[in-house]
Amino acid sequence: MIIDVEKLSYEYSPNSVFAYHALKEVTTSIKEGSLNYPMNIHLTRCLPIML
Amino acid sequence: MFAYHALKEVTTSIKEGSFTAIIGATGSGKSTLVQHFNALVTPTGGSLVVDGKRISANEKVKELKPLRKKVGLVFQFPEYQLFEETILKDVMFGPLNFGATQIEAQDIAQESLNRVGLDSSFYERSPLELSGGQKRRVAIAGILALRPKILVLDEPTAGLDPEGSASMMALFQDLNKSKTTIVMITHDLNHVLNYATDVIMLDQGSVVFEGSKDDFFNETNLHEGYGLVKPPLLELRSYLKAKNITFDDHTLDLDKLARSIKEGQRHD
């Protein structure tokens, strides 16, 4: 076997769930060109968690 | 506090040299599982061993570079990640980061681009000039340039037209024949039927099937649920059965199916 997986669990922590959704919103907004003030709040909230 | 279990005590394995399809409904944990294969995410419980490299919960993974080189991960819509001004430079980026010289990186990039069917007329063009299918080929060449032992593909044909999709699948089949282990997430059971050797099916973070493609289609009814579309060949088998036509009802190959119908008619 080249890959063996045993009792592998993965749980998103509350922080990573929040960071994921915030990041998704930010990237979507950048793509749509609609990054606005509330998004800046999202960024300031999620960046310290991600970095 | 709120937490979400993407994977729950998953135990499974991938055979060396196999073409393994990972299937399941959206949110079943497929992408999370494959992201563990090159330690893009690390487990919160349990462990995995990838070509001898152990990754387990509560243990910091050291020396990730060899693992990242060994396991090439192609995300959905990889063409969004192209960034260099020319196609050749974009494909050279990986080998250069893994210590190749300019000349070595150029040779590897040219070989990888040829592998995905892009000749020298593409080298100096901007990735922006290409069609969607060509961009995806460049992105895949960028991963092939790392010469991965295991190629992990997350819905590699999403958004491609049927012709582009078929030629992309032929490329993966060709890579598999030349000993690259392929792990492919897909929602297309026709691709599973035509290209995979093995199947792992996930549902809500747990494995509900693991085994050969033949067993998946012949010994279970899993392909009939979970929002999956039954391949035309299986529809045809059901139709023939309903009409009481004699044929080999375990074949997954259209030519063999046609031959077995002929045989059956001879015996009737």
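Residues numbered from 1 in each chain as written. Chains lettered and ligands numbered in written order. Predicted model: local features only at pLDDT ≥ 70, side-chain atom pairs only at ≥ 80, totals over all residues.

Colleague: Account for the nonpolar core, with residues named and values stated.
Modeller: Residues and elements named next belong to chain B. Counting 62 residues, the largest nonpolar core has I22, V91, A141, V152 and V183 as its most contacted members. When residues of this core are assigned to their parent elements, the largest contribution, 6 residues, is made by helix α5 (residues 132-144). If we ignore the near neighbours within four places in the chain, the residues touching V183 are I14, T20, I22, V34, F37, I150 and V152. (Core = buried A, V, L, I, M, F, W, Y, C linked by C-beta atoms within 7 Å. Buried ≥ 20, exposed ≤ 12 C-beta atoms within 10 Å, placed from the backbone. Helix = DSSP H or I, 4+ residues; strand = E, 2+ residues; numbered from the N terminus. Contact = placed C-beta atoms within 7 Å.)

Colleague: Residue-level account of the domain arrangement of chain B, with values.
Modeller: Residue and element names in this part refer to chain B. Assigned domains within chain B: domain 1 (19-222) and domain 2 (231-268). Counting residues at the interface gives 6 residues for domain 1, matched by 5 residues for domain 2. Elements represented by at least two residues in the side of domain 1 that touches domain 2 include exactly α7 (189-195) and α8 (213-219). The residue inventory of the side of domain 1 that touches domain 2, partitioned by class, reads 3 nonpolar, 2 polar and 1 charged. (Domains from an automatic or database assignment. Nonpolar A, V, L, I, M, F, W, Y, C, P; charged D, E, K, R; others polar.)

Colleague: Pulling in residues and values, what's your account of the interface of chain B and chain A?
Modeller: Facing the 31 residues of chain B at the interface are 15 residues of chain A. Counting only elements with at least two residues in the side of chain B that touches chain A, the list comes to β1 (4-14), α1 (30-36) and β3 (45-50) of chain B. Broken down by element, the side of chain B that touches chain A gets its largest block of residues, 11 residues, from β1 of chain B.

Colleague: Before we move on, can you summarise the sheet that holds strand β4 (residues 53-56) of chain B with the specific residues and values?
Modeller: What the 4 strands build is an open sheet, ordered β1(B)-β1(A)-β3(B)-β4(B); its pairing is antiparallel. If you trace the sheet from one side to the other, it starts and ends with β1 and β4 of chain B, each paired once. Going from strand to strand, the sheet's axes swing by 20 degrees on average, the running direction of each strand aside. Relative to β3 of chain B, strand β1 (residues 3-12) of chain A is paired through 5 bridges, and the arrangement is antiparallel. Across the sheet, E6 of chain A pairs through a bridge with S47 of chain B, a residue of β3 of chain B. (Pairing = 2+ DSSP bridges. Axes fitted to C-alpha atoms, helices over the stretch in contact; angles between N-to-C directions.)

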